[in-house]
Amino acid sequence: MAIERTFSMIKPDATRRNLTGAITKMLEDAGLSVVASKRVWMSRREAEGFYAVHKERPFFGELVDTMTSGPTVVQVLQGENAIAKNREVMGATNPESADEGTIRKTHALSIGENSVHGSDAPETAAAEIAYWFSDTEIVG
Ligand code: RTP
Ligand code: MG
């Protein structure tokens, strides 16, 4: 199986509750390695650009408000099948539907404050990594 990289975020609802370490441990315990990591307080412009694909959705304004409400930890994760594995560990978007043992079931507050983000495909992973990191910031 191929070694992949994916982009992950620990969202403001989670950094605010001091869950950066607990969530990172769940990712690492699943076999994913953190090969880049930094804490950012994103501007509205950065959040709108990152989530541009959702700009016509009714929840877009709320999403940007939430993502600019505090610090986010942006990370690049590396491992076998990293994109799918990360999404498995994250659990469903709505924590009420997420499986037991997933990050969202364990820690998320609501569909909006759902603690983590993870890329959904190789193309989005590459674009999202490049949005937040330069090549020299990623150390595999
Ligand atoms: P993500 O992109 O954050 O990893 O999560 P996802 O694929 O499971 O969810 P997606 O459909 O891409 O939506 C992106 C984020 O928007 C927020 N959202 N709010 N209020 C709502 O109905 C609603 N729907 C989505 C969530 O925080 C979701 O993670
Ligand atoms: Mg998504």
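All values derive from a computational prediction rather than experimental measurement.

**Q** An account of the packing of aromatic side chains is requested, with residue identities and associated values reported.
**A** Counted by the stated rule, this structure contains five aromatic pairs. Chaining the aromatic ring pairs together yields one cluster made of Phe7, Phe50, Tyr51, Tyr131 and Trp132. Above the face of the Phe133 ring, Lys38 is positioned so that its terminal group lies 4.7 Å from the ring centre.

**Q** So what's going on with the UniProt feature "binding site: ATP" (unreviewed entry) in the chain? Which residues, and what values?
**A** Mapped onto the present numbering, the UniProt feature "binding site: ATP" (unreviewed entry) falls on Lys11, Phe59, Arg87, Thr93, Arg104 and Asn114. When only the residues just named are considered, the largest pocket is lined by Lys11, Phe59, Arg87, Thr93, Arg104 and Asn114. Note that Phe59 resides in the loop between helix 3 (44-50) and helix 4 (60-67). Tracing the sequence through the fold places Asn114 in the loop between helix 6 (103-107) and strand 4 (116-118). Ignoring sequence-local partners within four residues, the contact set of Asn114 consists of Lys11, Asp13, Thr93, Arg104 and Ala108. At 2.7 Å, the side chain of Asn114 forms a polar contact with the side chain of Lys11.

**Q** How would you summarise the site of ligand 1 if you had to cite specific residues and measurements?
**A** Around ligand 1, a shell composed of 13 residues is seen, among which Thr93, Ile111, Asn114, His117 and Gly118 lie nearest. Lys11 has a polar side-chain atom sitting 3.1 Å from an oxygen atom of ligand 1. Contact distances for ligand 1 include 2.9 Å between an oxygen atom and a side-chain N or O atom of Asn114. Protein chains bury 80% of the 570 Å² of accessible surface belonging to ligand 1 in isolation. Under a 2 Å grid-point criterion requiring more than half of the atoms, the pocket assigned to ligand 1 is the largest pocket. Elements with a minimum of two residues in the shell around ligand 1: helix 5 (82-90) and strand 4. Considering only residue class, the shell around ligand 1 consists of four nonpolar, six polar and three charged.

Rules and cut-offs
Residues numbered from 1 in each chain as written. Chains lettered and ligands numbered in written order. Predicted model: local features only at pLDDT ≥ 70, side-chain atom pairs only at ≥ 80, totals over all residues. Heavy atoms only, no water. Phe/Tyr/Trp six-rings, centres within 6.5 Å; stacked < 30°, edge-to-face > 60°. Lys NZ or Arg CZ within 6 Å of the ring centre and 35° of its normal. UniProt positions renumbered as here; feature names shortened; annotations may be inferred. 1 Å grid on protein atoms, 1.4 Å probe; cavity = no way out; pocket = protein on both sides within 12 Å on 5 of 7 lines; lining within 4 Å. Helix = DSSP H or I, 4+ residues; strand = E, 2+ residues; numbered from the N terminus. Contact = heavy atoms within 4.5 Å. Polar contact = N/O pair within 3.5 Å; in protein donor to acceptor, adjacent residues only side chain to side chain. Near = heavy atom within 4 Å. Areas by Shrake-Rupley, 256 points an atom, 1.4 Å probe, with all protein chains shown as cover. Sits in = over half its atoms within 2 Å of the grid points. Nonpolar A, V, L, I, M, F, W, Y, C, P; charged D, E, K, R; others polar.

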